[in-house]
Amino acid sequence: PIKSSAASDVYKRQLEQRMAKEKPYLMEGLAKLKESLGEDSFKRLISNVHNINLSGPRIMLVADNELHRTNIERECLPAIAEAFNVTNIRVVTQG
């Protein structure tokens, strides 16, 4: 269990590192979202999304699976809207 938890933490940190490199324009919104949700919820729900696409008033998050998608939709939509200043939020699953 310790190994998988450590690996999971590394993977979750990689999202922010990957976004910083590939999509630096998302970093301000991610920082606001982390502040709004708190570290634990951010880690549990946002850090393990596969991808985030932002285009004007629209954002799409690619969740890990259906349960992950449902939890993001249930717990994060108002915070996502505020952090990224968007009006249209789609949460989809990979595949």
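Structure: see above.
Attention here is on the structure that accompanies the text. Quantities reported herein were computed from a predicted structural model and do not represent experimental measurements. (Residues numbered from 1 in each chain as written. Predicted model: local features only at pLDDT ≥ 70, side-chain atom pairs only at ≥ 80, totals over all residues. Heavy atoms only, no water.)

Okay, helix 5 (residues 77-84) next. Within helix 5 the residues assigned to the buried category are Ala79, Ile80, Ala83 and Phe84. The arc that holds every buried residue of helix 5, seen down its axis, measures 105 degrees, which confines them to one face. Facing away from the buried side of helix 5, by more than 90 degrees, are the exposed residues Pro78 and Glu82. Elements that come into contact with the buried residues of helix 5 comprise helix 2 (27-37), strand 1 (51-55), strand 2 (58-63), helix 4 (66-75) and strand 3 (88-93). Where helix 5 ends, the next residue or the one after it, Asn85, has phi of about 55 degrees, a positive value. (Buried < 20%, exposed > 50% of the residue type's maximum accessible area, 1.4 Å probe, protein only. Helix = DSSP H or I, 4+ residues; strand = E, 2+ residues; numbered from the N terminus. Arc of directions from axis to C-beta. Contact = heavy atoms within 4.5 Å.)

What follows is about the pairing of strand 1. Both strand 1 and strand 2 contribute to a ladder of five bridges, which runs antiparallel. Residue pairing across strands places Ile52 opposite Leu61, the latter belonging to strand 2. The antiparallel pairing of strand 1 with strand 2 creates a hairpin that spans two residues between the two strands, and Gly56 there sits at a positive phi of about 55 degrees. (Pairing = 2+ DSSP bridges.)

Inspection of the entire model under this criterion finds one cavity of 30 Å³ or more. In this model, the largest cavity occupies a volume close to 30 Å³. Every residue along the wall of the largest cavity is listed here: Leu30, Leu33, Ile46, Ile52, Ile59, Leu61, Ile80 and Phe84. Counting residues per element, the ones that place at least two in the lining of the largest cavity are helix 2, strand 2 and helix 5. Split by residue class, the lining of the largest cavity holds eight nonpolar, no polar and no charged. (1 Å grid on protein atoms, 1.4 Å probe; cavity = no way out; pocket = protein on both sides within 12 Å on 5 of 7 lines; lining within 4 Å. Points joined across faces, edges and corners; volume = space filled by probe spheres on them. Nonpolar A, V, L, I, M, F, W, Y, C, P; charged D, E, K, R; others polar.)

For Asn85, which is not a glycine, the phi torsion comes out positive at approximately 55 degrees. Within the secondary structure, Asn85 sits in the loop between helix 5 and strand 3. Relative accessible area serves as the criterion here: at 67%, Asn85 is assigned to the exposed category.

Read these as geometric descriptors, not functional statements.
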